[in-house]
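Here is what each chain is made of, one letter per residue.
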Amino acid sequence: MRRMACRIAMVAALALACSLALAHSHEIDQLIERADRPGFSLMTPEGRQLLERLLDHFEHADPRQQVKIRLIQGRNLALAGDYEGGIETLTHLIQQDTDTDLHLRTLELLANMLLQIDRYHEAFTHLEEAVELAPDAESSARQGRVYSLAAYWYGEVGATDQARELARLAEERVDDMNDPWQACITLEKMVLAWRAMDELLTARQSAEQALSACRNAGDPIFLSAITQHLGQIQFLLGNDERAEVLLNEAINVASENGYVDGLLQARLALAHLLERQQRLGEAEALLAASIDEMESRQRWRHLRDARRLAGAIAHQRGDHETAYQHFSRYLDAHERHLRALRARAVAFHEVRHGARARELEIQFLREQAELEELEDLARRQQRRIQLVSFGLIAMLVVILSLLIVHTIRDRRHYRTLSRRDSLSGLRNHTSFFEAAGEAVERCQRKNRPATMVLGDIDHFKQINDTYGHLVGDEIIRLVSSRLQDTFGRHGITGRIGGEEFAALLPGRDEQHARELVEKLRRALRKTRHSDPKQRVTISFGIAQSGGTLTLDGLRQVADDALYDAKHAGRDQVVVARREDP
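Everything in this summary refers to the structure shown in the same document. (Residues numbered from 1 in each chain as written. Predicted model: local features only at pLDDT ≥ 70, side-chain atom pairs only at ≥ 80, totals over all residues. Heavy atoms only, no water.)

Some details on the pairing of strand E3 (residues 500-506)
Here comes step 1: Summarising burial for E3: 6 of the 7 residues are buried, a large majority.
Here comes step 2: Sheet analysis places strand E1 (residues 450-457) next to E3, joined by 7 bridges and oriented antiparallel. Pairing of Leu-454 across the sheet is with Ala-502, part of E3.
Here comes step 3: Bridge analysis of strand E2 (residues 492-495) against E3 gives 4 bridges, and the strand direction is antiparallel. If you follow Thr-493 over to E3, its bridge partner there is Ala-503.
Here comes step 4: Remark: 4 residues form the turn of the hairpin made by E2 and E3, two consecutive strands paired antiparallel. (Buried < 20%, exposed > 50% of the residue type's maximum accessible area, 1.4 Å probe, protein only. Helix = DSSP H or I, 4+ residues; strand = E, 2+ residues; numbered from the N terminus. Pairing = 2+ DSSP bridges.)

Next comes the structure, spelled out in structure tokens:
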């Protein structure tokens, strides 16, 4: 009886312990959900109290919960300006075994923090890893955030082609997002990416979309950031009244929520606007409230701009001594900013090419190990045989290395030549239709439209006969350049014949295609070449796919429309009626 009673007591105790553990785990999940919501900030008493409760429960949390707690802690330390603390918190998570989405989130946050404090090599290493890992993530929102962050920083270092491709991938993920907070975060980086690529109108469009998403999400930090970005864009576009309203709103939100970096940037942008309106006293007050903090945080680019603006204002007031002091310190901040830019570019290229270098290093170490084994064997043989064997092996290693390097170089060169038209730089006929076929199939699977644009330079043979082939080649290059500028970020472009060009726009309808064609025609009207009397015009045919229209069918319909445009007098745009064969 006594043993039975003991067993019953043990079972009851175990059941109670399990029940308490489950209840505790549920409580931790609830706390994490609250802390991971939009608007959570360590700068509020509620935020600090909530994080303290999470850290108190840390030892009792399961591994996945512990990772989430550290992510929340690291992100909010960075938002409060403690980037080093945030980085130290997240660095420990990189080595932990966790699922793809959590690991990707850690890489994204850590890369972003490192970039903010100019630790570029580490940052680009983590960012490259995140981009490679992103396709494996289950969450389209997680993928979009990684792609948009990478697009921004690749644009910052001048890797425009990669930045545009990543921006396109991020835009596709935004279309699939149902969560306004995730859309807000992704679009905020998209705005920065387009600005880095000097696409102000596209940046404004993304910023307006982001502002709506951020307001719906209720995240004051990102709301402050995107409001500031949109204000700066409106200022650059000359819309001062709208810009001032936005920048003041950004300052208020950043100040209320302790977002210091956002506050400094918004003040600087507003000071530029006030100086342009000759409201010098207000501009000076904003700069005076910001310059010391910029210097303490080593925000060299912003400090450089602030010093230059403060010097210009002092000069306008006739205070040449103060102007001289600001301009002297401007030069120091400018030099520090240039050093940061150089370091950023060097780190980016080192990381991009580092993977190949590591492969070669591993290959070299393996060959070196094989060589040492041969040397050990040769030592047990006659000296003459050893020397001969060693010499042959060394020669073979050198020749093999040279052959491998030469083969890789040639393969890359010929692969590029085989897919690009040498005169225009666009995709050639084969490359264009391969890529276009894949894009049309993807659009059909997703039940999205795909639109093909065919263009043919009018009277091109007459141009060649009259002005010569050199002028004809120049016109081909000019048209190709304008075509790529207009359609490049929206789809696939190519030169598919002598004077015939094509563009395939996945996910875009015929109306959008028509707008882009008109944009191209306007650009061509402004284009001048070596013979200013010769006006370059193009006839266009546009066709949009339906549900089952194949690439060949789509091309035929667009070609028929082009034929109609030619016979309608050239320099025309004909949009085909949508109907599947």
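Regarding unusual backbone geometry
As a rule of thumb, non-glycine residues mostly have phi less than zero, and peptide bonds are mostly trans rather than cis.
Here comes step 1: Even without being glycine, Asp-198 reaches a positive phi, approximately 60 degrees.
Here comes step 2: If you trace the backbone, Asp-198 turns up in the loop between helix H9 (180-196) and helix H10 (200-217).
Here comes step 3: Residue classification places Asp-198 among the exposed residues on the basis of a relative accessible area of 67%.
Here comes step 4: Positive phi, close to 65 degrees, is recorded for Gln-278, a residue that is not glycine.
Here comes step 5: Assignment of secondary structure puts Gln-278 in the loop between helix H13 (260-276) and helix H14 (280-288).

Structural notes on the sheet that holds strand E5 (residues 573-575)
Here comes step 1: The mixed open sheet is built from 5 strands, whose spatial order is E2-E3-E1-E4-E5. Of all strands in the sheet, those bounded by a partner on one side alone are E2 and E5. Neighbour-to-neighbour, the strand axes of this sheet turn through a mean angle of 15 degrees, independent of strand direction.
Here comes step 2: As defined by bridge partners, E1 adjoins strand E4 (residues 538-544) across 7 bridges and the pair is classed as antiparallel. Bridging from a neighbouring strand, Gly-455 pairs with Phe-540 of E4.
Here comes step 3: Packing of helix H19 (residues 429-445) onto the sheet brings it into contact with E1, E2 and E3, and relative to E3 it is tilted by some 25 degrees.
Here comes step 4: Those strands touched by helix H21 (residues 469-487) are E1, E2, E3 and E4, and its axis lies near 5 degrees from that of E3. (Axes fitted to C-alpha atoms, helices over the stretch in contact; angles between N-to-C directions. Contact = heavy atoms within 4.5 Å.)

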